[in-house]
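Given next are the chains, with one letter for each unit.
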Amino acid sequence: MTISASAPAKIILFGEHAVVYGEPAIAVPVTALQATADISPSDDGFKIIAYDLDDAIIRYNTYAEDQPLQRVLTLLQDVHHCDLPSVSIGVRSHIPMASGLGSGAAVTTAIARAVTQAMGKTLSLDALNRIVYEVETIHHGTPSGIDNTVIVYEQPIYFVREQPIEHLMIGQPFTLIVADTGETALTHIAVGDVRKLVTSEPEQYRPMIREIGKLTKLARQHLEAGEIKALGPLMDTNHAWLQQLTVSSPKLDQLVTAARAAGALGAKLSGGGRGGNMIALVQPEAAGDVMAALTSNGAVSVLQTMVN
Ligand code: MEV
């Protein structure tokens, strides 16, 4: 019998990078993009196999011998007080790697869920979240914890580092376009570079971090009140602060500009930046034009998703 477990991708709507410094951020799951772990019985002990060889899988498997996978398996054995079952796992993921959509946290979550089931155990969301965070520290150094939290809980969240999780009630569903620059970028490099700026020139960069926090608080009010149009200018301003923090890229800026020109209410990079994905807020009738503009400006993939 095969056991399957999945986890979604994530999008940060507001507050990335500032969240590392204790400011709030808002993130939502993207259920259209999933990482899945499939487990089948094996006669020769525990092993990882890949049978759906899309890009993400090949790259994930290149560090199958590396620490993140070892760490999640060790943590699961510790928490469940049992050995790894004799199973083989195939990992499938359609979430592009290193592109701001939380692929690492989603793959870890899917594996932890599947292995837990194969052990005949259960894991609370809190316990799973702690495990995925622990593994994230290998990928990202000192992550804020927003990626693992939104992916594990699979709900929109208003996140403040080391504070209890707040689930966000979205007052009115809205449409986002997510476009991939095709440029990969490692989050911990961007986070480290921002840290250098904030540490070396606090008078210049601390206020920017605080401004991002302020606009995120305002965005929360608009999201809860269903005032969707008001979010557009806040996304634009958030993108401008992220440019100042040096985490945008020429391609991200090109896509953001193209989306606005094609009728988006607002647009910004999402996640660690320096590449990866951007998001555009659109009214449903403008979605086609914005998607076409992003494609003609070189986006390698363009996805429409509803946030509710
Ligand atoms: C990455 O998805 C979000 C960042 O704010 C880093 C973090 O919160 O750990 C850039």
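Rules used in this analysis
Residues numbered from 1 in each chain as written. Predicted model: local features only at pLDDT ≥ 70, side-chain atom pairs only at ≥ 80, totals over all residues. Heavy atoms only, no water. Helix = DSSP H or I, 4+ residues; strand = E, 2+ residues; numbered from the N terminus. Rg over C-alpha atoms; globule rule 2.2 N^0.38 Å. Buried < 20%, exposed > 50% of the residue type's maximum accessible area, 1.4 Å probe, protein only. Contact = heavy atoms within 4.5 Å. Areas by Shrake-Rupley, 256 points an atom, 1.4 Å probe, with all protein chains shown as cover. Lys, Arg positive; Asp, Glu negative; His and termini not counted. Charge placed at Lys NZ, Arg CZ, Asp CG, Glu CD. Domains from an automatic or database assignment. Buried area = accessible area lost by both parts, 1.4 Å probe. Salt bridge = Lys/Arg side-chain N within 4 Å of Asp/Glu carboxyl O. Near = heavy atom within 4 Å. Polar contact = N/O pair within 3.5 Å; in protein donor to acceptor, adjacent residues only side chain to side chain. Nonpolar A, V, L, I, M, F, W, Y, C, P; charged D, E, K, R; others polar. Pairing = 2+ DSSP bridges. Axes fitted to C-alpha atoms, helices over the stretch in contact; angles between N-to-C directions. Core = buried A, V, L, I, M, F, W, Y, C linked by side-chain atoms within 4.5 Å.

- Per an unreviewed UniProt entry, the recorded name for the chain is Mevalonate kinase, and the organism is Phototrophicus methaneseepsis.

### Remarks on the overall build of the chain
- The helix and strand tally for the chain stands at ten helices and ten strands.
- Taking 2.2 N^0.38 as the reference for a compact globule, 308 residues should give roughly 19 Å; the C-alpha atoms of the chain span a radius of gyration of 19 Å, in line with that estimate.
- Out of the 308 residues in the chain, the part that is buried amounts to 55%.
- Across the chain, the fraction of contacts at a sequence separation of at least 24, relative to all contacts at a separation of at least 6, is 76%.
- For the chain, the exposed surface amounts to about 12,600 Å²; the carbon and sulfur share of it is 52%.
- Here the chain contributes 21 positively and 31 negatively charged side chains, and the mean placements of these two sets differ by 5 Å.

### Quick word on the domain arrangement of the chain
- Examined at the domain level, the chain breaks down into domain 1 (3–159) and domain 2 (169–307).
- Between the C-alpha centres of domain 1 and domain 2 there is a distance of 24 Å.
- Each partner contributes residues to the interface: domain 1 has 30 residues there, and domain 2 has 45 residues.
- Buried area between domain 1 and domain 2, summed over both chains or domains, comes out near 2,800 Å², and the portion from carbon and sulfur atoms is 68%.
- Together, Phe 14, His 17 and Tyr 21 form the three largest contributors to the area buried by domain 1 at its contact with domain 2, with a combined 27%.
- On inspection of domain 1 and its partner domain 2, the count reaches one salt bridge.
- With its nearest N and O atoms 2.9 Å apart, the salt bridge here joins Glu 16 to Lys 268.

### Considering the site of the ligand
- Neighbouring residues of the ligand: 14 residues in total, closest Lys 10, His 17, Pro 143, Ser 144 and Asp 147.
- In this structure, Lys 10 approaches the ligand through a side-chain N or O atom, which is 3.0 Å from an oxygen atom.
- Note that an oxygen atom of the ligand is positioned 2.6 Å from one of the side-chain N or O atoms of Ser 144.
- The protein chains hide 97% of the 300 Å² of surface that the ligand would expose on its own.
- Those elements that place two or more of their residues in the shell around the ligand are β1 (3–14), α5 (146–153) and α6 (187–200).
- Its residues placed into classes, the shell around the ligand shows six nonpolar, five polar and three charged.

### Digging into the sheet that holds strand β8 (residues 266–269)
- Pairing is antiparallel in the open sheet, where four strands are placed in the order β8-β9-β7-β10. Both outer strands of the open sheet, β8 and β10 (301–307), are each paired with one neighbouring strand and no more. Looking at each pair of strands side by side, their axes are set apart by 20° on average, direction ignored.
- With seven bridges connecting them, strand β7 (residues 174–180) and β10 associate as antiparallel partners. Each residue of the ladder has a partner; that of Leu 176, found in β10, is Thr 305.

### Description of the pattern of salt bridges
- One pass over the full model with this rule turns up eleven salt bridges.
- Ionic pairing is found between Arg 260 and Asp 236, a salt bridge with its closest N-O pair at 2.8 Å. Taken as a pair, Arg 260 in helix α9 (residues 250–261) and Asp 236 in helix α8 (residues 231–244) lie far apart in primary sequence, 24 residues in all.

### Let's talk about the environment of Glu 183
- Looking at the element boundaries, Glu 183 is found in the loop between β7 and α6.
- On a C-alpha basis, the gap between Glu 183 and Gly 141 in space is 21 Å, while along the polypeptide they are 42 residues apart.

### Here we look at the nonpolar core
- In terms of nonpolar packing, the biggest core is built from 97 residues, with Leu 13 and Met 278 touching the most fellow members.
- With nine residues, the single largest contributor to this core is strand β2 (residues 25–41).
- Each of domain 1 (3–159) and domain 2 (169–307) gives at least three residues to this core.
- The residues contacting Leu 13, other than those within four sequence positions of it, are Ile 26, Ala 27, Val 28, Phe 174, Leu 176, Leu 223, Asn 238, Lys 268 and Ile 279.

### Here we look at the pairing of β1
- Of all twelve residues in β1, ten are buried, a share of seventy percent or more.
- Pairing between β1 and β2: eleven bridges, direction antiparallel. Along β2, the bridge assignment pairs Phe 14 with Ile 26.

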